[in-house]
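If you want the building blocks of each chain, they are given just below.
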2 protein chains.
Amino acid sequence: MNLPNLPNLPNLPNLPNQMFTLTHTDGAARRGVIHTAHGDIETPVFMPVGTQGVVKALTPRDLDEAGARIILGNTYHLYLRPGDDLIARRGGLHRFSGWSRPILTDSGGYQVFSLSDRRKVEEHGVQFRSHLDGSAHVLTPEKAVDIQANLGSDIAMVLDECPALPSTAEVIDQSLELTARWARRCRDRFLQIRESEPVRRSLGEGGAQFGIVQGGTFADLRRKSAELTVSIGFEGYAIGGLSVGEPNETMYQVVEQTAPLLPAAQPRYLMGVGTPLDIIEAVARGIDMFDCVLPTRNARNGQLLTSEGPVNIKNVQFSEDDGPADPACSCYTCRHFSRAYLRHLYMAGEMTGGTLNTLHNLTFYLDTMRRIREAIAFGRFEDFRQDFHRTFTRRALIS
Amino acid sequence: MNLPNLPNLPNLPNLPNQMFTLTHTDGAARRGVIHTAHGDIETPVFMPVGTQGVVKALTPRDLDEAGARIILGNTYHLYLRPGDDLIARRGGLHRFSGWSRPILTDSGGYQVFSLSDRRKVEEHGVQFRSHLDGSAHVLTPEKAVDIQANLGSDIAMVLDECPALPSTAEVIDQSLELTARWARRCRDRFLQIRESEPVRRSLGEGGAQFGIVQGGTFADLRRKSAELTVSIGFEGYAIGGLSVGEPNETMYQVVEQTAPLLPAAQPRYLMGVGTPLDIIEAVARGIDMFDCVLPTRNARNGQLLTSEGPVNIKNVQFSEDDGPADPACSCYTCRHFSRAYLRHLYMAGEMTGGTLNTLHNLTFYLDTMRRIREAIAFGRFEDFRQDFHRTFTRRALIS
């Protein structure tokens, strides 16, 4: 479905949906529920990454069993292949991929900006060449919204510029101003689409759009970006431009400074984060939503994340280990297979190993999120956090 | 567990277990039940191939759902990696791999004879070099039995020589005589192990060993090989050395001539066969058991086997096809995903596509076997066979 020519509707009322119910707080940590047309999502939540319309190595029923309640789709990849219009003609990404729970889509910006020598940024948008076939494309703020509408995402992200770190304050300042102007254009387009039938239906009645705060590691620029973004008005807010190589402590500091600048009544999303410890530290600073390829990618590379820390299954020490990947885990993998068998599958290059490892790693992540939510509800998040730091070692984590 | 030095027990009584119950016949086609320590198996049966201790792209629960009741493990691969002794220390292949139903293991001979320039056949056994690291090994008839005992297979195969086709009658004759001498040695070793505690337990009370009839495409040599093999006495008999490039009609003819030479009260296994049509033709000639990598390998290569014939999912004609892989199938893949989505997964190189395609192809095979068994029970096998020939086209099958 190509989007029809949209009516010119200036001054549309911008009334962000109240999609979030905050149910508990414990220090700066928050527990709540995000409401969408495809179901409710308890927060803090981790969103497995389904880059190309599938979480690698899993089926939707595996994901559901692991405890996933929302997954992320990548606009850049789906736009190029199979094409957002093709997906729209299939009834949207949910129906196409067989995943009937909520989907958040990114704007495609992060991947486009990663194509460092194949893209050019202008006020209008970004020109880039496909990594698949070199074909030329332009991603504008409006186009990023249109693609996500075609995908039928429950939560769409605005197109933002993602400057490389480290950059000077001047570069970051100009970049966040461009991001704010793009955010305005994205919101206008989103409101237009939400008003115009029949496209509105593809967004769902609960369709939501999140703004993104940039500003690098400069506290004053983060404040400026937060103010500019919040003044536009979105259903939720993301902190972008982190987890791109800066020290962990720097990231924690930026999150600690930025989260309180975002409306308490709306969900906060820290993009691309991260390790289990990073997630816990960000929850402690008021973040509600996370996504990261770490659990899925590391699974395929033979790294299992467990209650005791990472386990590199390829190590010879596991060749005769009859224990499960994680004694504290009750996932299908841990109930039925030994470390020795998982090591054999890895060494033999069997893709079933990737599936079993992914199922475990996502279960570990999603189970950790459940424990975080319970700790917040019982006012014991600080205890949980300290326990986790004691038992989960960062040693040898591939991140 | 290394096998202990076995006591010298000449003249052991050879009383093959009566593991097979023939329940129906319809022309030459047979329906029955094979009894093993890990459960009963209805025949005619297709055995998915789990080369390296896993059916590629699937988990044991996927296999169970597809309807698999027995799978095949490859002695050659498991001996080299992770090692049959390591698997024995894990409690055997069933426990190691999480598959609790029956397992048939081949002898390793077929793979060793495929290493044409890396092996040397002598009366004692076969010298070969590993395809993994070039290390030198010797596979003797006794060793093939020992490895399979370590794996704990429900049905073990004798070591046979697999001559290349075409070969002269003289070459085939010498080869089948060697195979018969090896079969005698394999049976002696098997009886020794079954007598000697505690190794016996690893074979299970119902442990079975099948002889293999060779003889190329020569009717008189097939007869000679069948007589030599049957005179030794096994729980079941296989027809080997077919499906190696000869015309289909030649294979059908050899099967038609050979099957009646095998005891009616014991199961008959046509090794490495085949396409759905080959299986039906062999059932029509009195065969009970089959194995082939076709459904699993073709799945990973994007070929779906359906009630209407093969579907090559990579074809652009399926890019917007909202129908299931096979409208007549009720597997997880066909219930939840379109041809358009399966094509997307294939084109994007997503391993989940391999999993979904494999689940479908095995369901198709195992469902076809179920329909064959029902047709035999109702005396309608010939109708079924003709219907299948009409609806399932051989067109474009990758075999």
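Small disclaimer: the values here were computed from a predicted structure and weren't measured.

Each value, and the rule that gives it
- Residues numbered from 1 in each chain as written.
- Chains lettered and ligands numbered in written order.
- Predicted model: local features only at pLDDT ≥ 70, side-chain atom pairs only at ≥ 80, totals over all residues.
- Heavy atoms only, no water.
- Helix = DSSP H or I, 4+ residues; strand = E, 2+ residues; numbered from the N terminus.
- Buried < 20%, exposed > 50% of the residue type's maximum accessible area, 1.4 Å probe, protein only.
- Contact = heavy atoms within 4.5 Å.
- Areas by Shrake-Rupley, 256 points an atom, 1.4 Å probe, with all protein chains shown as cover.
- Lys, Arg positive; Asp, Glu negative; His and termini not counted.
- Charge placed at Lys NZ, Arg CZ, Asp CG, Glu CD.
- 1 Å grid on protein atoms, 1.4 Å probe; cavity = no way out; pocket = protein on both sides within 12 Å on 5 of 7 lines; lining within 4 Å.
- Points joined across faces, edges and corners; volume = space filled by probe spheres on them.
- Nonpolar A, V, L, I, M, F, W, Y, C, P; charged D, E, K, R; others polar.
- Right-handed = clockwise from strand over helix to strand, strands pointing away.
- Buried area = accessible area lost by both parts, 1.4 Å probe.
- Salt bridge = Lys/Arg side-chain N within 4 Å of Asp/Glu carboxyl O.
- Pairing = 2+ DSSP bridges.
- Axes fitted to C-alpha atoms, helices over the stretch in contact; angles between N-to-C directions.
- Least-squares fit on C-alpha atoms with pLDDT ≥ 70 in both.
- Phe/Tyr/Trp six-rings, centres within 6.5 Å; stacked < 30°, edge-to-face > 60°.
- Lys NZ or Arg CZ within 6 Å of the ring centre and 35° of its normal.
- Expected span 1.5 Å × (residues − 1).
- pLDDT = per-residue confidence, 0-100.

A. Structural detail: the overall build of chain A. For chain A, the helix and strand inventory stands at 16 helices and 17 strands. Each principal axis of the C-alpha distribution contributes one length, and for chain A these read about 65 × 45 × 40 Å. When burial is assessed residue by residue, chain A has 60% of its 399 residues classed as buried. A sequence separation of at least 24 residues applies to 69% of the contacts in chain A between residues at least 6 apart. Total accessible area on chain A stands at roughly 14900 Å², and carbon and sulfur atoms take up 48% of it. A distance of 3 Å separates the average location of the 42 positive side-chain charges in chain A from that of its 46 negative side-chain charges.

B. Region of interest: empty space enclosed by the protein. Residues and elements named next belong to chain B. Taken as a whole and judged by the stated rule, the model has four cavities of 30 Å³ or more. Together, 16 residues line the largest cavity, and Gly53, Val54, Val55, Ile71 and Ser97 are the ones closest to its centre. Elements that contribute at least two residues to the lining of the largest cavity include exactly helix H1 (60-66), strand E6 (71-73) and helix H4 (93-97). In terms of residue count, the dominant contributor to the lining of the largest cavity is E6 (three residues). Considered class by class, the residues forming the lining of the largest cavity number eleven nonpolar, five polar and no charged. Put simply, the second largest cavity is a space of about 80 Å³.

C. Fine view of the pairing of strand E12 (residues 208-213) of chain A. Residues and elements named next belong to chain A. Of all six residues that make up E12, six are buried, and the element is covered over most of its length. Here E12 shows two buried faces, one formed by Ala208, Phe210 and Ile212 and the other by Gln209, Gly211 and Val213. Where the polypeptide runs from E12 across helix H9 (residues 219-232) and back to strand E13 (residues 236-239), its parallel neighbour, the crossover connection is right-handed.

D. Seen up close, the interface of chain B and chain A. At the interface, 41 residues of chain B touch 41 residues of chain A. Carbon and sulfur atoms supply 51% of the area that chain B and chain A bury against each other, a total of about 3400 Å² over both sides. Contact with chain A buries area across many residues of chain B, yet Arg61(B), His344(B) and Met351(B) alone supply 19% of it, more than any other trio. At the junction of chain B and chain A, the tally comes to twelve salt bridges. As a salt-bridge pair, Glu65(A) and Arg61(B) come within 2.9 Å of each other at their nearest N and O atoms. Top contributing element to the side of chain B that touches chain A by residue count: helix H15 (residues 351-377) of chain B, with six residues.

E. Expanded view of the sheet that holds strand E10 (residues 136-139) of chain B. All names here are of chain B. With antiparallel pairing, three strands are arranged side by side in an open sheet as E8-E9-E10. The open sheet terminates on both sides in strands that have one partner only, identified here as strand E8 (119-121) and E10. Averaged over all pairs of adjacent strands, the angle between their axes in this sheet comes to 15°, without regard to strand direction. Pairing analysis gives three bridges linking E8 to strand E9 (residues 126-129), with the strands arranged antiparallel. The residue of E9 that forms the bridge with Lys120 is Gln127.

F. Representation of the sheet that holds strand E3 (residues 39-43) of chain B. All names here are of chain B. One open sheet accounts for three strands, arranged E1-E2-E3; its pairing is antiparallel. Taken across any chain shown, the strands that pair with only one partner, and hence form the sheet edges, are strand E1 (20-26) and E3. Each adjacent strand pair in this sheet contributes to an overall mean axis angle of 10°, direction not counted. Two elements, E1 and strand E2 (residues 29-36), share six bridges in a ladder whose sense is antiparallel. Along E2, the bridge assignment pairs Phe20 with Ile34.

G. Inspection of the environment of Arg339(B) at higher detail. Residue and element names in this part refer to chain B. As for its placement among the helices and strands, Arg339 is situated in helix H14 (residues 339-347). As a C-alpha pair, Arg339 and Asp321 span 18 residues in sequence and 5.5 Å in three-dimensional space. Residue contacts for Arg339: discarding those within four places in its chain leaves Val311, Ile313, Phe318, Asp321, Gly323, Pro324 and Ala325.

H. The relation of the copies chain B and chain A, seen in detail. Of the two same-sequence chains, chain B is brought onto chain A (RMSD 0.0 Å, axial shift 0.0 Å) by a rotation of 180°. The superposition of one copy onto the other is thereby described by a two-fold rotation axis. Closest approach to the rotation axis among the C-alpha atoms of chain B is made by Met351(B), whose C-alpha sits 3.7 Å away. Of the interface residues in chain B, 100% have counterparts in chain A that sit at the interface too, so the contact is made through matching surfaces.

I. Up close: the environment of Val255(B). All names here are of chain B. The topology assignment puts Val255 in helix H10 (residues 248-258). Owing to a relative accessible area of 1%, Val255 belongs among the buried residues under this scheme. For the pair Val255 and Arg101, spaced 154 residues apart in sequence, the C-alpha separation works out to 28 Å. Among residues more than four places away in sequence, those in contact with Val255 are Leu242, Pro260, Leu270, Ala282, Arg285 and Ile287.

J. Focus on unusual backbone geometry. The omega angle of the peptide bond from Arg81(A) to Pro82(A) is 10°, so this bond is cis rather than trans. Positionally, Pro82(A) belongs in the loop between helix H2 (75-80) and helix H3 (84-89). One non-glycine residue, Ala57(A), lies in the positive phi region at around 80°. With respect to the helices and strands, the residue Ala57(A) is situated in the loop between strand E5 (49-50) and helix H1 (60-66). The backbone of Ser243(B) shows a phi angle near 55°, a positive value even though the residue is not glycine. Take Ser243(B): it is sitting in the loop between strand E13 (236-239) and H10. The partly exposed category is assigned to Ser243(B), whose relative accessible area is 33%.

K. View of the packing of aromatic side chains. With the rule as written, the count across this model stands at 22 aromatic pairs over all chains. An aromatic cluster is built from Phe364(A), Phe381(A), Phe384(A), Phe388(A) and Phe392(A), whose rings are joined through pairwise contacts. When the ring centre of Tyr332(B) is taken as origin, the NZ or CZ atom of Arg61(A), which lies over that ring, is 3.7 Å away.

L. Here's a closer look at the pattern of salt bridges. Under the counting rule described, the total for this entry stands at 56 salt bridges over all chains. Asp64(B) is paired through a salt bridge with Arg101(B); the nearest N and O atoms lie 2.6 Å apart. With Asp64(B) in helix H1 and Arg101(B) in the loop between H4 and strand E7 (103-105), this residue pair connects regions lying 37 residues apart in the sequence. We classify Asp64(B) as partly exposed; its relative accessible area is 31%. Each of Glu256(A), Glu281(A), Arg285(A), Glu382(A) and Arg385(A) takes part in one network of salt bridges that share partners.

M. Quick peek at helix H15 (residues 351-377) of chain A. Over its 27 residues, H15(A) runs 39 Å from end to end, which matches the ideal 39 Å to within 8%, given 1.5 Å per residue. In terms of burial, H15(A) is a largely internal element, 21 of the 27 residues being buried.

N. The arrangement of the confidence of the model for chain A in detail. Here chain A averages 93 in pLDDT, and 93% of its residues register 70 or above. Here the prediction assigns the complex a pTM of 0.95, and the interface score ipTM is 0.95.

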